[in-house]
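Residues per chain are reported as follows:
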Amino acid sequence: MEALAAVKVLLIVTSHSQFGNTGEKTGFWLEELAAPYEQFTKAGAQVDIASPLGGKAPVDPRSEKEQTEDTRAFLADAEATKKLANTKVLAQVKDTYDAYFVVGGHGVMWDLAQHVPTHQLLSAGYARGAVVAAVCHGPAALVGVKGPDGKPLVAGKRVAAFSNAEEQAAKFDAIVPFPLETRMRELGARYESGPLWKSFTVRDGRLVTGQNPASSAATAQEVLKVLAEKKQAPAPKG
């Protein structure tokens, strides 16, 4: 991958740590933060992390038990863990990033899905030509994002996200505030999915989305491809 030293990427994580009324903890999914962070930093991009409340973002305890090479590398990286412990406040983030990547985890369904500053940031970023990406439950943050035409950003676009079948298989379908796949379809997205738990990523112009945790690295790689293309030939807005 071509070095992207001048590129800035913002990883967006949830601040929500309560898993509905179950009494269990949730938050962001570690693999979905660690794998993209690794891909972007390896490509030479500057990476920041932001959340609705700022400060230390809550990690889903279940994701900490599923260690991968990327999660181990992230947790061993002093700079990465410092950024995670001191996330920027989304409402205070300036719209200067080349790409925005919403990390998944069930927490997103409760806060980022309704977080107006995030919706405004992503709407403005996309309108100015930035890449907007999300993985797993991350696309829940897109439900309030508008395209330059004032319609939902996902309307008419190919989109992947955590599937209803995966939510049911995980037995969380009765806990989440809404079924993400269904909401994407209601907003007019051309929803697509692959096999359960397997990597599946979709790109539609400057919108890149992945289905589940296994899709994290591939979704980030697709973002890097878009950024490399934009560097060679600036894409038209819209």
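Because the structure is predicted, anything quoted here is derived from the model rather than measured.

### As for the pattern of salt bridges
Within the structure shown, the criterion is met by 7 salt bridges. Between Glu186 and Arg183 there is a salt bridge, with the nearest N and O atoms lying 3.4 Å from each other. Remark: Arg183 and Glu186 occur in helix α7 (residues 180-186); sequence separation between them is 3 residues, near one turn of the helix. For Glu222, the salt bridge is made with Lys225, and the minimal N-O distance between the two is 3.7 Å. Residue Glu222 and its partner Lys225 are both found in helix α8 (residues 216-232); the two are separated by 3 residues, about one turn of the helix.

### With respect to the pairing of strand β4 (residues 99-102)
In β4, alternate side chains face the same way, and those of Ala99 and Phe101 on one face and Tyr100 and Val102 on the other are all buried. Pairing analysis gives 4 bridges linking strand β1 (residues 8-12) to β4, with the strands arranged parallel. The residue of β4 that forms the bridge with Leu10 is Tyr100. The sheet contact formed by β4 and strand β5 (residues 131-135) spans 4 bridges and is parallel. The residue bridging Val102 from the neighbouring strand is Ala134, located in β5. As a crossover connection, the stretch from β4 through helix α5 (residues 116-127) into β5 is right-handed.

### Re the side chain of Thr14
Looking at where Thr14 falls in the secondary structure, it is placed in the loop between β1 and α1 (30-42). A polar side-chain atom of Thr14 sits 2.9 Å from the main-chain amide nitrogen of His16. Polar side-chain contacts of Thr14 include one of 2.8 Å to the side chain of Asp111. When sequence neighbours within four positions are dropped, the list of residues in contact with Thr14 reads Gly27, Phe28, Ser51, Pro52, Ala57, Pro58, Gly107, Val108, Asp111 and Leu112.

### Notes on the UniProt feature "domain: DJ-1/PfpI" (unreviewed entry) in the chain
What UniProt calls "domain: DJ-1/PfpI" (unreviewed entry) maps, in this numbering, to residues 31-225. Its end C-alpha atoms 21 Å apart, residues 31-225 is made of 34% helix and 15% strand.

### Re α5
Since the α-helix packs 3.6 residues into each turn, any two residues three or four apart lie on the same face. An ideal rise of 1.5 Å per residue puts 16 Å on 12 residues; α5 measures up with 16 Å between its terminal C-alpha atoms. Those residues of α5 not exposed but buried are Thr118, His119, Leu121, Leu122, Ser123, Gly125 and Tyr126. Looking at the buried residues of α5, the elements they touch are β1, β4, β5 and β9 (207-210). The positive-phi residue at the C-terminal boundary of α5 is Gly129, with phi of around 110°.

### Comments concerning the nonpolar core
Leu10, Leu122, Leu142, Val154 and Met184 are the most contacted members of the largest nonpolar core, which has 38 residues in total. At the level of secondary structure, the elements contributing two or more residues to this core comprise β1, β4, α5, β5 and α7. Among the elements that line this core, the one with the most residues is α5, at 3 residues. If near-sequence neighbours (up to four positions away) are discounted, Leu122 is found in contact with Ile12, Tyr100, Val102, Val132, Ala141, Leu142 and Val145. Residues Phe28, Ala43, Cys136 and Val223 belong to the second largest nonpolar core, which totals 33 residues.

Parameters and conventions
- Residues numbered from 1 in each chain as written.
- Predicted model: local features only at pLDDT ≥ 70, side-chain atom pairs only at ≥ 80, totals over all residues.
- Heavy atoms only, no water.
- Salt bridge = Lys/Arg side-chain N within 4 Å of Asp/Glu carboxyl O.
- Helix = DSSP H or I, 4+ residues; strand = E, 2+ residues; numbered from the N terminus.
- Buried < 20%, exposed > 50% of the residue type's maximum accessible area, 1.4 Å probe, protein only.
- Pairing = 2+ DSSP bridges.
- Right-handed = clockwise from strand over helix to strand, strands pointing away.
- Polar contact = N/O pair within 3.5 Å; in protein donor to acceptor, adjacent residues only side chain to side chain.
- Contact = heavy atoms within 4.5 Å.
- UniProt positions renumbered as here; feature names shortened; annotations may be inferred.
- Expected span 1.5 Å × (residues − 1).
- Core = buried A, V, L, I, M, F, W, Y, C linked by side-chain atoms within 4.5 Å.

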